[in-house]
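Here's the letter readout for the chains.
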Amino acid sequence: MQDVKKLTSKIKKEMEVFTPKSSIRGERLSFPLKEVKVLEGSLDTRGRGQKAIVEIKGKKYKVIGCSCGLPNCMCDAYIVEIKK
């Protein structure tokens, strides 16, 4: 039974993804969560404004809260690359 729990936990961690929208094209992006390094803030917060600064594949991005499309719901996010 312990082996099943360990395997389930491992699969869940490998399947977790960060799915922001692209600020340039507006399309939905998908990154394995293990490839997203949170440098500042949190990806778990809701609301408008900057949520976090992250690094993905060597590039830094601002994570900005936005509407998911439902009335008064701000649970979505888009990312903007931070230029050097």
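Nothing here was measured: the structure is a model prediction, and the numbers come from that model.

S.K.: Would you mind going over the overall build of the protein with me for this structure?
M.R.: The number of helices and strands found in the protein is one helix and seven strands. Along its sequence from the N terminus, the protein presents helices and strands in the succession α-β-β-β-β-β-β-β. Out of the 84 residues in the protein, the part that is buried amounts to 25%. Partitioning the contacts of the protein with sequence separation of at least 6, the portion at a separation of at least 24 is 22%.

S.K.: Whenever I open this one, the side chain of Lys51 confuses me. Can you help?
M.R.: On the secondary structure map, Lys51 appears in strand E5 (residues 49-56). Salt bridges are absent for the buried Lys51, whose nearest opposite-charge side chain, Asp76, sits at 6.9 Å. Setting aside anything within four residues of it in sequence, one finds Lys51 in contact with Glu40, Gly41, Ser42, Thr45, Arg46, Val63, Gly65, Cys75, Asp76 and Ala77.

S.K.: I'm lost on the layout of surface pockets in this one. Help?
M.R.: Rolled over the atoms, a probe sized like a water molecule indicates the empty space that remains. Space inside the largest pocket adds up to approximately 300 Å³. Lining the largest pocket are 16 residues, with Val17, Phe18, Leu43, Asp44 and Arg46 sitting closest to its centre. Only strand E1 (17-18) and strand E7 (76-81) provide two or more residues apiece to the lining of the largest pocket. Looking at the lining of the largest pocket residue by residue, the classes come out as nine nonpolar, two polar and five charged. Of the volumes computed, that of the second largest pocket is approximately 190 Å³. Around the second largest pocket, the lining residues are Ser22, Ser23, Ile24, Arg25, Leu29, Lys59, Tyr61, Ile79, Val80, Glu81 and Lys83. No other element matches the three residues that E7 contributes to the lining of the second largest pocket.

Here is what the cut-offs are and how they apply
Residues numbered from 1 in each chain as written. Predicted model: local features only at pLDDT ≥ 70, side-chain atom pairs only at ≥ 80, totals over all residues. Heavy atoms only, no water. Helix = DSSP H or I, 4+ residues; strand = E, 2+ residues; numbered from the N terminus. Buried < 20%, exposed > 50% of the residue type's maximum accessible area, 1.4 Å probe, protein only. Contact = heavy atoms within 4.5 Å. Lys, Arg positive; Asp, Glu negative; His and termini not counted. Salt bridge = Lys/Arg side-chain N within 4 Å of Asp/Glu carboxyl O. 1 Å grid on protein atoms, 1.4 Å probe; cavity = no way out; pocket = protein on both sides within 12 Å on 5 of 7 lines; lining within 4 Å. Points joined across faces, edges and corners; volume = space filled by probe spheres on them. Nonpolar A, V, L, I, M, F, W, Y, C, P; charged D, E, K, R; others polar.

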